[in-house]
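# A structural walkthrough
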Amino acid sequence: MGNIGKRERYYLMLLGILVVVLLIYFFGIRNLNATHDEMVVTRSQLQAQLDYYEALKTQNDAAMTQINQLNNQISEAESFFMPYVCSEAIEQYVLKTFEDAGCPYLVNVTVEDAPVRSVTMPDGSTAPESLLARRVNVQYSTTDGYNIPEYNRSVSVVSGGVIDEGALNALLEEMYWHGADSIVGYDEFVNALKTLETADPNCIKLSKVSILSEGGYILMSASIDFYSATFRNRVSEPDTSAPYVTWSGSTSINTDGGFVGRPFIIENPASAWFNVIMTDGEATAGNRPFSTYYSSTIFNEEVMANGLEAVLEIGEPAVQPDEIPEE
């Protein structure tokens, strides 16, 4: 080495530096470049995933907005129908509406299913949801300006099966022509219909109204339809606060004095009809399908010959037929 000249030394130093640079490149910078390339590829892949999820997020936001709009439209459509139909509730509601309007003289009331058609989809198939409708038919009477009107035994003159002669005579004195202006019921009937018509136009509809003139008074009839529907998956919460949806009447009525079907004589002391006996004609009416033919024949003959009170062998006198209290 001592014989190497200065020039050769420089060349050797240069060669050493070159070797060191090459080593640094191959074992350092080259590896770093490869890692960097991998990071660039990874970053591009992650950026592509991020762009994909951002697009999904945008689509989801738009989808959620559309879903919310559809839910609002469905809820609005569902509100057009009653959540369910309770016959007792809608009947009670209708009768109370007429009573509150000053039209209490009910003649008849029935509840029935109203005819509805199946719902056809745009493609011609039948919708899985179905329309439901319940119809309340009512008939009310006006007064006639002469006879004494009564509502819920408000003018009853019978107590415990005994007639109050004084109260009866006072009422009979009111039986005279009070004039046509004293007749009530028609305007009140119309007002009740207007109330029903505007109560909930979406689900309560008047389907029929008729007027029939009788002997000095008017019979007024109406049919009111209540609409509901069955839904596969209801979106909105049903509103059950309306008085025609759930029962809101009294549930603690004393029925101790009531009876189902009238026997020959009322033996319940709690009844206003206590000790009232049927007339002989009422007692012999009908063919008595439950009895043998000879039993019914013998009974009818005995009643017609001797009277129902004698046939029943009642120990104490019953209220006579001409003293039967009004229903």
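Before reading further, recall that the structure is shown in the block above.
In this report, the structure presented in the accompanying data block is examined. What you see is a predicted model; the values in this text were computed from it and never measured. (Residues numbered from 1 in each chain as written. Predicted model: local features only at pLDDT ≥ 70, side-chain atom pairs only at ≥ 80, totals over all residues. Heavy atoms only, no water.)

## Thoughts on helix α2 (residues 87–100)
- Compared with an ideal rise of 1.5 Å per residue, which puts 14 residues at 20 Å, α2 spans 20 Å between its outermost C-alpha atoms and is within 8% of the ideal.
- Residues A89, I90, Q92, Y93, V94, T97 and F98 constitute the buried set of α2.
- Contact partners of the buried residues in α2: β1 (106–113), β2 (130–141), α4 (186–199), β5 (204–213) and β6 (218–230).
- After α2 finishes, the residue G102 shows a positive phi value of roughly 90°. (Helix = DSSP H or I, 4+ residues; strand = E, 2+ residues; numbered from the N terminus. Expected span 1.5 Å × (residues − 1). Buried < 20%, exposed > 50% of the residue type's maximum accessible area, 1.4 Å probe, protein only. Contact = heavy atoms within 4.5 Å.)

## Observations concerning the pairing of β2
- Pairing analysis gives seven bridges linking β1 to β2, with the strands arranged antiparallel. Note that in β2 the partner of E112 across the bridge is R135.
- Pairing of β2 with β6 involves twelve bridges; the strand directions are antiparallel. When the sheet's bridge partners are listed, Q139 is paired in β6 with S221. (Pairing = 2+ DSSP bridges.)

## Digging into the side chain of S223
- Residue position: S223 is located in strand β6.
- Residue S223 is classed as buried on the basis of its relative accessible area, which comes to 9%.
- Reaching out from S223, the side chain makes a polar contact with the side chain of N137 at a distance of 2.6 Å.
- Once residues within four sequence positions are removed from consideration, S223 is found in contact with R135, V136, N137, K205, L206, S207 and K208. (Polar contact = N/O pair within 3.5 Å; in protein donor to acceptor, adjacent residues only side chain to side chain.)

## Observations concerning a nonpolar patch on the surface
- Side chains of Y146, Y176, W177 and I183 sit close together on the surface and give an oily, nonpolar patch of about 420 Å² of accessible area.
- The exposure class of I183 is partly exposed, given its relative accessible area of 31%. (Patch = residues over 30% accessible without salt bridge, like charges linked within 9 Å, V, L, I, M, F, W, Y side chains within 5 Å. Areas by Shrake-Rupley, 256 points an atom, 1.4 Å probe, with all protein chains shown as cover. Salt bridge = Lys/Arg side-chain N within 4 Å of Asp/Glu carboxyl O.)

## What to know about α4
- With 14 residues, α4 should cover 20 Å at 1.5 Å per step; its first-to-last C-alpha distance of 20 Å lies within 8% of that length.
- Considered for burial, the residues of α4 that qualify are F189, A192, L193 and L196. When α4 is viewed along its axis, its buried side chains cluster within an angular range of 100° and face the same direction. For α4, the exposed residues lying more than 90 degrees away from the buried face are D187 and T198.
- The secondary structure elements touched by the buried residues of α4 are α2, β2, β5 and β6. (Arc of directions from axis to C-beta.)

## Some thoughts on the environment of M175
- Mapped onto the fold, M175 is located in the loop between α3 (165–172) and α4.
- On the accessibility criterion, M175 (27% relative accessible area) is partly exposed.
- A C-alpha to C-alpha distance of 5.6 Å links M175 and N147, two positions 28 residues apart in sequence.

## Remarks on the environment of G145
- Along the chain, G145 falls in the loop between β2 and β3 (158–159).
- We classify G145 as buried; its relative accessible area is 7%.
- When the C-alpha atoms of G145 and D181 are compared, they prove to be 7.9 Å apart, with 36 residues separating the residues in sequence.
- Not counting residues within four places of it along the chain, the set of residues in contact with G145 comprises Y176, W177, H178, G179, S182 and I183.

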